[in-house]
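For reference, the chains in residue letters:
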There are 2 protein chains.
Amino acid sequence: MFGIGGDDSNPSFESSAPCNNLGFLQKNNNLEEKISSFKERSSKDLLDNSDRDSRFRRTETDFSNLFARDLLPVLCFRFTYEIAPVFVLMEQLTLKKMREIIGWPDGEGDGIFSPGGAISNMYSVMTARYKFFPEVKTKGMTAAPRLVLFTSEHSHYSIKKACAALGFGTENLILLSTDERGRVIPADLEAKVIDAKARGCVPMFVNATAGSTVYGAFDPIHEIADICEKYNMWLHVDVRLIEIRFHGGLLMSRKHRHKLRGVERANSVTWNPHKMMGVPLQCSAILVRERGVLSGCNSMCAGYLFQPDKQYDVSYDTGDKAIQCGRHVDIFKFWLMWKAKGTVGFEHHIDKCLDLSHYLYTKIRDREGYQMVFEGEPQHTNVCFWYLPPGIRDMPDGQERRDRLHKVAPKIKALMMESGTTMVGYQPQGDKVNFFRMVISNPAATRSDIDFLTDEIERLGHDL
Amino acid sequence: MFGIGGDDSNPSFESSAPCNNLGFLQKNNNLEEKISSFKERSSKDLLDNSDRDSRFRRTETDFSNLFARDLLPVLCFRFTYEIAPVFVLMEQLTLKKMREIIGWPDGEGDGIFSPGGAISNMYSVMTARYKFFPEVKTKGMTAAPRLVLFTSEHSHYSIKKACAALGFGTENLILLSTDERGRVIPADLEAKVIDAKARGCVPMFVNATAGSTVYGAFDPIHEIADICEKYNMWLHVDVRLIEIRFHGGLLMSRKHRHKLRGVERANSVTWNPHKMMGVPLQCSAILVRERGVLSGCNSMCAGYLFQPDKQYDVSYDTGDKAIQCGRHVDIFKFWLMWKAKGTVGFEHHIDKCLDLSHYLYTKIRDREGYQMVFEGEPQHTNVCFWYLPPGIRDMPDGQERRDRLHKVAPKIKALMMESGTTMVGYQPQGDKVNFFRMVISNPAATRSDIDFLTDEIERLGHDL
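Everything numeric here is computed off the predicted structure, so don't read it as measured data.

How each quantity is defined
- Residue positions are counted from 1 within each chain, in the order its sequence is given.
- Lettering of chains starts at A and numbering of ligands starts at 1, both following the order in which they are written.
- Two thresholds apply to this predicted model, a pLDDT of at least 70 for residue-level local features and 80 or more for giving and counting side-chain atom pairs, whereas whole-chain, interface and lining totals are computed over all residues.
- For the side-chain quantities, the full set of heavy atoms in the structure was used; hydrogens and water were omitted.
- For every domain, the bounds stem from an assignment made automatically or drawn from a database.
- Secondary structure elements are taken from DSSP: a helix is a run of H or I of four residues or more, a strand is a run of E of two residues or more, and numbering for both begins at the N terminus.
- Each residue gets one of three labels from its accessible area relative to the maximum for its type: buried under 20%, exposed over 50%, partly exposed in between, using a 1.4 Å probe on protein chains only.
- Aromatic pairs are defined between Phe, Tyr and Trp rings, using the six-membered ring for Trp, whenever the two ring centres lie within 6.5 Å; interplanar angles under 30 degrees are classed as stacked, those over 60 as edge-to-face, and all others as tilted.
- One less than the number of residues in a helix, times 1.5 Å, gives the span that helix is expected to have.
- By the convention used here, residues are in contact when the closest approach between their heavy atoms is within 4.5 Å.
- By nonpolar core we mean a set of buried residues, namely Ala, Val, Leu, Ile, Met, Phe, Trp, Tyr and Cys, connected to one another through side-chain atoms within 4.5 Å.
- By salt bridge we mean one thing: a side-chain nitrogen of Lys or Arg within 4 Å of a carboxyl oxygen of Asp or Glu.

(A) Spotlight on the domain arrangement of chain A. Parsing chain A into structural domains produces domain 1 (77-328) and domain 2 (341-462). Placing a centre on the C-alpha atoms of domain 1 of chain A and another on those of domain 2 of chain A gives a separation of 31 Å.

See below:
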């Protein structure tokens, strides 16, 4: 019945539907009937398929009904309690648990799942602006003084995108210098805050990155929080790591959590279970310490969705906090995974990835033909390195060597893609020519995979 | 192997994995091997389950491998060509086809799939701003004059959310008056444009709604486009209809497409296949007539993703057009549905919903106890009506009657939820007290469902 038209008297539909002449509204009346009908279908169609042909005929019919009649409300909805009571509660519980792990007292605060870390970061900037200059919501940016924001030169580009989109302008995002490991230098932040104030600007927002995109570096949150308190700025912590499915899960690992110390002092936190925790994209949350700011920032109280005269506590209608209207049910994947693996399971998952990156680091640190981009053990699972083909190894340092080395990683990656064996990203950073950036995020990877990777790099790059 | 730790020598993993001592990187080397391995699994595990117990054991093991080793790259990625070549091409082809249907010459232009209609509308405002005031991207809103935007008082609240978020301020969004059917009055737009200019503001953007949230009304696009051309404003058409899964698909119906005439004159169009076309949420696209503006607006050229020295044509890397980084693969659902149903299938689907709403309208138009919110056949599948319990029917028009009628729809909806039979939305609009707003979007609904709905309303509301 789903789809291609057909009319109501279509006999094949009437005879295959479980409730004959009843439409889908009536069908939901009796939960018991639904369950027993599901059981019947399960046992009939999914297991007892000794007669394959008839099974396929039945399955085809059932799927069309299933889609149009049963599954649709699960896959697509607004976050009003009446439409999605279970998911609304799942989201509330999970967000509270996440805030507890961050370390906010009693897990108090607010939050929402968003379509990815970039949008979560955008929420943090919007929320900060609303906290300090609520009139911008109604009057626009001209109601505020010239606002400036700060983030590491190594931070994710989504902060810059947010500044462009939200009307701050990318020139008002001030990039902070980092040490040789890619960590923000707190003194540089304070100097730039003082300088901005001297120029008549109002410093409003600082983004600290926990697990930077390229080096996997952790900005010193405590020192940055001190400066934010001193100058009355919003502190956001972007608990991120690069590559599609990474990080944020570090909060879940007792062994590695110390890298995030101070995160409880943040005003807001981006946490991406679709990264280090392995939840399929998209699954990202923005968490806000102070209640009410997120709602205040985004609510528009659309009459057709959020009626005050509903028969339940409308504080469960979380949809008006979002810049979206309908939302994808990202919470369900995360909730299921957490239930299945447990906090301890996530912890093992994360520790496993970090063990593997440690293995890669120790393997190539002293191996001929490799050079690390920065000294010392990486803080996270990003291992950044150059491979030097034999023809380059003995060349004197200088422009010619740099030019040749710059072309090595792109060439090896192209050869990898051509032979279809593996793929690893590269990039330049500042004055450093193209280097490989290997990020371990899949706990199904093995030491044998790491060995295979280095063998491939050497096989394909040896003669360059 | 996925998940809870385990180490590489785990014998149960080694023996159940299809490639024994090889890690997942090696496993992908041979496509033929992958296919035959998949076929083998399919025939073994999915069909030949005469021995149920062993089937379940095998299935469990396979799922864990499947997740970590095969499916992950499909579910989560950035839109760079190297990571998602098939989806990138699917998106390009589908967006071109959509632009052809809109009526732009040769399907030229640009576009991107976004996490919902609200975000698509936000893209339209951002893109318009970039077209007229590109310096806002770097310098912020202070680089522009005071900009004003226009939308119907009946339009979706996402335009207002976009104005708040992007730094325009909701007060600079000017609401347009509508006729009794909820359609924008073009003369009111022109008068308000002239007034805004007289106040020193710069009119920049007009949103026309095709299928408004409440009444399902279609703003007169041609007349609005004339005014936009005259005053050099960006015309966006929000091809939307309310409720989770609606509309946008009207473009696909030859019978009803005339309601959208003039849409080809828009500078940008929001098209939500997750609405009228029945694609599960989320699936929304923003389409832009002029090439280059969308990219120019959002690109940041992050070094770690978008290297110019890649070995393929990097114009296929569409990710930098988005405000997101990683994106959900919404295109795949839509592409599959389009392939399966065909354009004709979507057309039938839409016509079916409109037939059903016509049935509801004609049924209650002259029925005792019902009153339509506006006269005449609804333009779309929204049927807006009051149910008047017998005790109210003979009351004289006045405040007391209004007060009582205002409480009827909430009470009936509450009773519906308590008895678990059905649910239909209500809301007030302007000076009209709470009315029911029934929107038909599921083509699996039948006339019998409509009959059931009105019976329920009468059963539950009779004694109010």
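(B) The arrangement of the side chain of A:R265 in detail. Relative to the helices and strands, A:R265 resides in the loop between β6 (234-239) and β7 (268-271). In this structure A:R265 comes out as buried when scored by relative accessible area, which is 19%.

(C) View of the packing of aromatic side chains. All names here are of chain A. Applying the stated rule across the entire model yields 22 aromatic pairs over all chains. Geometrically, the ring pair formed by W386 and F435 is edge-to-face, given 6.0 Å between the ring centres and 80 degrees between the ring planes. With W386 in strand β11 (residues 382-387) and F435 in strand β13 (residues 432-439), this residue pair connects regions lying 49 residues apart in the sequence. Here W386 matches F435 in class, with each residue buried. Among the aromatic residues, ring-to-ring pairing joins F113, F334, W338 and F346 into one connected group.

(D) Molecular detail of helix α14 (residues 399-419) of chain A. All names here are of chain A. In this model α14 runs 31 Å from its N-terminal to its C-terminal C-alpha over 21 residues, within 8% of the 30 Å that 1.5 Å per residue would give. Among all positions in α14, only R401, L405, V408, A409, P410, I412, K413, A414 and M416 are buried. Where the residues of α14 are buried, they touch β10 (370-372), β11, α13 (390-393), β12 (425-429), β13 and α15 (447-461). Looking at the residues trailing α14, positive phi occurs at G420, about 70 degrees.

(E) Molecular detail of the nonpolar core. Of all hydrophobic cores here, the largest spans 58 residues; its most connected members are A:F168 and B:F168. Ignoring sequence-local partners within four residues, the contact set of B:F168 consists of A:K139, A:G140, B:V125, B:R129, B:M141, B:L147, B:L149, B:C163 and B:M204.

(F) Focus on the pattern of salt bridges. The tally for this structure, following the rule as stated, stands at 40 salt bridges over all chains. The shortest N-O distance in the salt bridge between A:E229 and A:R265 comes to 3.2 Å. Highlighted residues: A:E229 in helix α10 (residues 221-231) and A:R265 in the loop between β6 and β7, separated in sequence by 36 residues. Among the residues examined, A:E229 registers a relative accessible area of 57% and is labelled exposed. Salt-bridge contacts for B:E91 lead to B:R327; the nearest nitrogen and oxygen are separated by 3.1 Å. With B:E91 in helix α5 (residues 85-102) and B:R327 in strand β9 (residues 326-327), this pair connects stretches of sequence that are 236 residues apart.

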